[in-house]
Amino acid sequence: MKEIEGMTPRERIRNAMDFKEVDLVPWAESFYVETLIKLFSEGLPAHKMAVIEWEMLGNGNFLVNWPKLLGFDPYSYFGCMSLADCTVPVDIGPIPRFKQRKILENAKYQEYIMETGARSRRIKKGGKEVSWYSMPLFYEFPVKDKKSWEQYKVRLNPEDPRRYPKDWEKDGYLHIFDEYQDGPTMLGITGFYGFGAELMGIPNFNLAFYRDPELIEDMISHWEYFTIESIREAVETFKDRVDYVFWWEDMAEKHGPNISPKLYKTFLLSHYKRVAGFLNKNKIYRIMMDSDGNTQPILDLVVEAGITGHWPLEVNSGMDVRTLRKRYGKKLFLVGNLDKREIAKGGEAMQKEIDSKLPFMKETGGYVAGLDHLVHVEFTLEKFREYADYLKGKLVIQ
Amino acid sequence: MRTEISEVSALEDILDKIAHTLGNLENSSSLKKFISQALKKKVPILEILEKGLRKGLDEVGRRYEAGEYFLSELLFGASMMEEAMKILAPQLRAQKLERKGQIVLGTVRGDIHDIGKNIFKMFAEGAGFEIHDLGVDVNPEDFVRTAIEKNPDVLGLSALLTTTTPEMKIVIDDLQKAGIRGKVKVLLGGNAVTNQFGEEIGADAVALDAVQGVDFCKEWTR
């Protein structure tokens, strides 16, 4: 994002999330890999976006500096930010990982064991090419009952030294973050609903709240302990050098939350409060929940739990930044909510969507502009450029 | 006369308990106990189904639509219904109950997501519909061929991915070409579809959730 005198992207997003003065409204997006590949096919210049680092060849096997392609950076190209530009290096996955491998292939599908232990099916397009980018179907999950949970829990040991990088050293990392990081630093954690749904599958996890509440209580309690203890060293090192926490949940659908306010209150609320309390104790107050769908029926509880921000606010699910701002005021900073369907149309539809929300959000503050989810594959390069140009012209605070 | 009134009252009472236990999602064991009591009292199986279980399941759906219940409650209600149906299965087989209607159902080609489809299926079965579930990643020709073979009341098409919604139009166009579009209602469901999209491609209805989808099916087969 083009810097305005005196304000770095990091300062800008911190101020926006704190409802403080900004020179311009920050703009953040995330791209599906499939979208980027499509945009390349439409003329997106790869050579301007490739991220190449010179490293020692073979991770230090040879004393030779050699270029390595790390990926693509569409954010600097389009002039937006990535919410996950710089992340605190804590591994909160199962350790050891399940080895991802193909277990079956037929004319229509490939089936894999994933690193989380779930089994997934990927569809072949036209019987040949495997679509790697679209969400696969997860058809079998590693946790089914108390016994399989106890087996899985062994992989969720927060004390495992592999949770931090081999070169982890507090002062060294603080120095690197301070010296080389202009954008926001994000600490990613997984929420109490998200982790359970990922390990059991949505139907089984949801049913377990009724069928096996003891299992749920044990899973949730362990996740609280695991989360706090896994991130403890990083949080106590970085403190408010962490600009915000990205708390992934995905706990709602179009109709409403996947679990009722009653279940949220009974099973999740106290655990959220303890994790948020731990973060607050370390001066980390910007805590953003990532959940698709219509979260409104549980938002009062989410705020009570200690969440202070929300993304992506899907319009298709009835979410609206203006309504949320009126209801929650400065209790929630808001990110996203520009209707991807309208924006992808371009022209008047795109402009109308931006103009209907951005002026109000500029006036009330506490807003990071962006689509109401990842940039999806239906965007053409032309329409995304049109959107980027129009939005950037409107972000400056007069 | 008094005895008859008291018998009717006892029967209504047990059916109410069944409906109440399911509607309030009290617990599965109570539901099983009341169904067993009803069977012992020789309550007709149709009464247990209609005035007990389906009434209870309707209440679950009503509360979901009203925003009192959520996905977790919907799934629990549907699973309680499934358990109850297993208890009744031997009697149901003997009686050969007439179905409310037939639904052919599937996730469209290129899409392999099925949570929403499966919840709809559970509710539709609970409501008395016969379901022919073609699964996921279903080719348009398979939808059309099954529609010709089974002559269903409703063809349910599901899609999670926006990239696969054009498949829905292909199915509708193929039904038209096969000359059976007028004979079957086409119901769309899934996160990717909207009412506007449904209108654009000529669907009969778009279900924003499983309960609404079953309501459409009931209305069409009344």
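Treat the numbers as computed from the prediction; the structure is a model and nothing was measured. (Residues numbered from 1 in each chain as written. Chains lettered and ligands numbered in written order. Predicted model: local features only at pLDDT ≥ 70, side-chain atom pairs only at ≥ 80, totals over all residues.)

Summary statistics for chain B give a mean pLDDT of 90 and a share of 96% for residues scoring 70 or more. Both confidence scores are given for the complex: pTM 0.89, ipTM 0.88. (pLDDT = per-residue confidence, 0-100.)

Once that is clear, we can look at the pairing of strand 14 (residues 309-312) of chain A. All names here are of chain A. Bridge count for strand 13 (residues 287-291) against strand 14 is four bridges, and the pairing is parallel. Looking at strand 14, one finds that Asp-290 is bridged to Trp-311. Tracing the backbone out of strand 13, into helix 11 (residues 299-305) and back to the parallel element strand 14 gives a crossover that is right-handed. Examined bridge by bridge, strand 14 and strand 15 (residues 333-335) share two bridges and lie parallel to one another. (Pairing = 2+ DSSP bridges. Helix = DSSP H or I, 4+ residues; strand = E, 2+ residues; numbered from the N terminus. Right-handed = clockwise from strand over helix to strand, strands pointing away.)

It is worth spelling out unusual backbone geometry at this point. With the exception of glycine, the majority of residues adopt a negative phi angle, and the majority of peptide bonds are in the trans configuration. All names here are of chain A. Across the junction of Ile-95 and Pro-96, the peptide omega takes the value 0 degrees, indicating a cis bond. Relative to the helices and strands, Pro-96 resides in the loop between strand 5 (86-87) and strand 6 (101-105). Within the chain, Asn-337 stands out as a residue other than glycine whose phi angle is a positive 75 degrees. Topologically, Asn-337 is positioned in the loop between strand 15 and helix 13 (340-345).

For the rest of this paragraph, the subject is the interface of chain B and chain A. At the interface, 21 residues of chain B touch 24 residues of chain A. Broken down by element, the residue count for the side of chain B that touches chain A peaks at six residues, all from helix 4 (residues 71-95) of chain B. The class makeup of the residues in the side of chain B that touches chain A is 10 nonpolar, eight polar and three charged. (Contact = placed C-beta atoms within 7 Å. Nonpolar A, V, L, I, M, F, W, Y, C, P; charged D, E, K, R; others polar.)

Moving on, we come to the sheet that holds strand 1 (residues 101-107) of chain B. Residue and element names in this part refer to chain B. Strands sit in the order 2-1-3-4-5 across an open sheet of five strands; the sheet is parallel. Each of the sheet's edge strands pairs with one partner strand only, and the pair in question is strand 2 (129-133) and strand 5 (205-207). Taken pair by pair, the neighbouring strands of this sheet meet at an average axis angle of 25 degrees, ignoring direction. The sheet contact formed by strand 1 and strand 2 spans five bridges and is parallel. (Axes fitted to C-alpha atoms, helices over the stretch in contact; angles between N-to-C directions.)

Our focus in this paragraph is the domain arrangement of chain B. Residues and elements named next belong to chain B. If you check the domain split of chain B, you get domain 1 (2-95) and domain 2 (101-221). Put simply, the middle of domain 1 and the middle of domain 2, counted by C-alpha atoms, are 28 Å apart. Contacts between the two partners involve 10 residues from domain 1, matched on the other side by nine residues from domain 2. Of all elements in the fold, only helix 3 (45-65) and helix 4 reach the threshold of two or more residues within the side of domain 1 that touches domain 2. (Domains from an automatic or database assignment.)

So, on to the domain arrangement of chain A. Residue and element names in this part refer to chain A. You can read the domains of chain A as domain 1 (9-93 + 143-392) and domain 2 (99-141). One C-alpha centre belongs to domain 1, the other to domain 2; they are set 25 Å apart. With 11 residues of domain 1 at the contact, the number on the domain 2 side is six residues. Every element with two or more residues in the side of domain 1 that touches domain 2 is listed here: helix 2 (33-41) and helix 7 (192-200). Here the element with the most residues in the side of domain 1 that touches domain 2 is helix 7; it accounts for three residues. The class makeup of the residues in the side of domain 1 that touches domain 2 is five nonpolar, three polar and three charged.

With that settled, the discussion passes to the packing of helix 6 (residues 140-150) of chain B against helix 7 (residues 166-177) of chain B. Residues and elements named next belong to chain B. Remark: helix 6 packs on helix 7, axes separated minimally by 9 Å, with the N-to-C direction vectors making an angle of 40 degrees. Between helix 6 and helix 7, the interaxial angle falls into the category oblique. Of the two elements, helix 6 crosses helix 7, and the hand of that crossing is right-handed. When helix 6 is examined against helix 7, the residues Pro-140, Phe-143, Val-144 and Ala-147 are found in contact with a partner set consisting of Glu-167, Ile-170, Val-171, Asp-174 and Leu-175. Across the contact of helix 6 with helix 7, the residue classes break down as seven nonpolar, no polar and two charged. (Parallel < 35°, antiparallel > 145°, perpendicular 65-115°, else oblique. Left-handed = near helix turned anticlockwise from the far one by under 90°.)

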